[in-house]
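Per-entry structural report
Chain by chain, the residues run as shown.
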Amino acid sequence: MRKLLTILLSGVILFGMMVSCVEEEIDTILNDTPEETQNDSTKIDEGEEPEPEVVSLYTDEELAMANTAADVDYLTEEEKKVIFLCNLARLDGERFAEEYLTPYVEKNKLNVETNEYLASLYTDLREVKDHVMLRPSKELCDAAAYHAKDSGENGITGHVSSDGTDWDERLERFVPSWYALAENCTYGSNRKYAIYIVMNLLIDENISSLGHRKNILSDKYNHIGVSIMPHSSYTYNCVQDFAKL
């Protein structure tokens, strides 16, 4: 199968980088990200009222449907959360925006009025409803882990492996039979957290093709592989590999 690839390279900005690859093109771009935010683990003093339990906008059945990686033993909890968040966005984009995107925007002091990428994400999410849930594939997870480890140990970015192998050839070594393939990569000090990984790829700031966002929300993929690994230059990197199997 012959695939037309176009490579677009952009500049490096300090705290983060995102790379997206679809069947028709590869974008390799370094992008701004918010500074890493520490988890709030404030201890509740004796006698202090605990925070009320947050009720999800999704039903219990929908939450279970989106949590396709819950029982796999080859992913970390944070990698499972990446798949879970992607699936919630695919299940109902409008509710995802209200429950996850808006709190993220407020917490990180992002400005919807001045950020066209963020504004367009709200628009795009309103169009997403009942897309097929992404299911973890051991082969795709192995492919993602290979590239994340290779990139991290060698301090490289993008889709080309340290031995010169391009992304599609590399994926075909792990998944020989497929109908569609795509890859997202993201780099930065906060990329060990699922919420930062998914939100940065969805917002897709400075990515004119919106390739990361399209991969996550595209209904043509039904399987995913995820790997979060240390990176010698950017602290962490996450690779998402998508396929229709």
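Keep in mind the model is a prediction, meaning the values are calculated, not measured.

The rules we used
Residues numbered from 1 in each chain as written. Predicted model: local features only at pLDDT ≥ 70, side-chain atom pairs only at ≥ 80, totals over all residues. Heavy atoms only, no water. Helix = DSSP H or I, 4+ residues; strand = E, 2+ residues; numbered from the N terminus. pLDDT = per-residue confidence, 0-100. Contact = heavy atoms within 4.5 Å. Salt bridge = Lys/Arg side-chain N within 4 Å of Asp/Glu carboxyl O. Buried < 20%, exposed > 50% of the residue type's maximum accessible area, 1.4 Å probe, protein only. Pairing = 2+ DSSP bridges. Expected span 1.5 Å × (residues − 1).

1. Comments concerning the environment of His212
Considering the arrangement of structural elements, one finds His212 in helix 8 (residues 211-217). For His212 and Ala182, which are 30 residues apart along the polypeptide, the C-alpha to C-alpha distance reads 9.3 Å.

2. Overview of the environment of Lys220
Here Lys220 shows up in the loop between helix 8 and strand 6 (223-231). Taking the C-alpha atoms as reference, Lys220 lies 9.6 Å from Phe242; in sequence the two are 22 residues apart.

3. Overview of the confidence of the model for the protein
Averaged over all residues, the pLDDT of the protein is 85; the fraction at 70 or higher stands at 78%. Taken as a whole, residues 1-16 scores under 50 in pLDDT and shows 44 contacts with residues more than four places along the chain or in a different chain. Here residues 22-47 is a poorly scored stretch, pLDDT under 50, and it has 88 contacts once near neighbours within four places are set aside; other chains count.

4. Considerations on the pattern of salt bridges
Going through the model one piece at a time under the given rule, you end up with ten salt bridges. Notably, a salt bridge pairs Asp92 with Arg95, separated by 3.0 Å at the nearest N-O pair. Since its relative accessible area comes to 18%, Arg95 is described here as buried. Ionic pairing is found between Arg170 and Glu183, a salt bridge with its closest N-O pair at 2.9 Å. In this pair, Arg170 sits in helix 6 (residues 167-174) while Glu183 sits in strand 5 (residues 180-188), placing the two residues 13 residues apart along the sequence.

5. A word on the pairing of strand 6
Along strand 6, seven of the nine residues are buried, which leaves the element largely enclosed by surrounding structure. Pairing analysis gives two bridges linking strand 4 (residues 135-136) to strand 6, with the strands arranged parallel. In the sheet register, Arg135 faces strand 6, and the bridge partner there is His223. Both strand 6 and strand 7 (residues 235-244) contribute to a ladder of nine bridges, which runs antiparallel. Looking at strand 7, one finds that Ile228 is bridged to Cys238. Between the antiparallel neighbours strand 6 and strand 7 lie three residues.

6. Overview of helix 5 (residues 138-154)
A turn of α-helix holds 3.6 residues, and therefore any two residues three or four places apart point the same way. Taking 1.5 Å per residue, 17 residues should reach 24 Å; helix 5 reaches 24 Å between its end C-alpha atoms and fits that length. The set of residues buried in helix 5 consists of Leu140, Cys141, Ala143, Ala144, His147, Ala148, Asp150, Ser151 and Gly152. On its buried face, helix 5 is in contact with helix 6, strand 5, strand 6 and strand 7.

7. A short note on helix 7 (residues 194-203)
Of all the ten residues making up helix 7, nine are buried; the element is thus mostly covered by neighbouring parts of the structure. All of the buried residues along helix 7 are Ala194, Tyr196, Ile197, Val198, Met199, Asn200, Leu201, Leu202 and Ile203. Backbone geometry just downstream of helix 7 places Asp204 in the positive-phi region, at approximately 60°.

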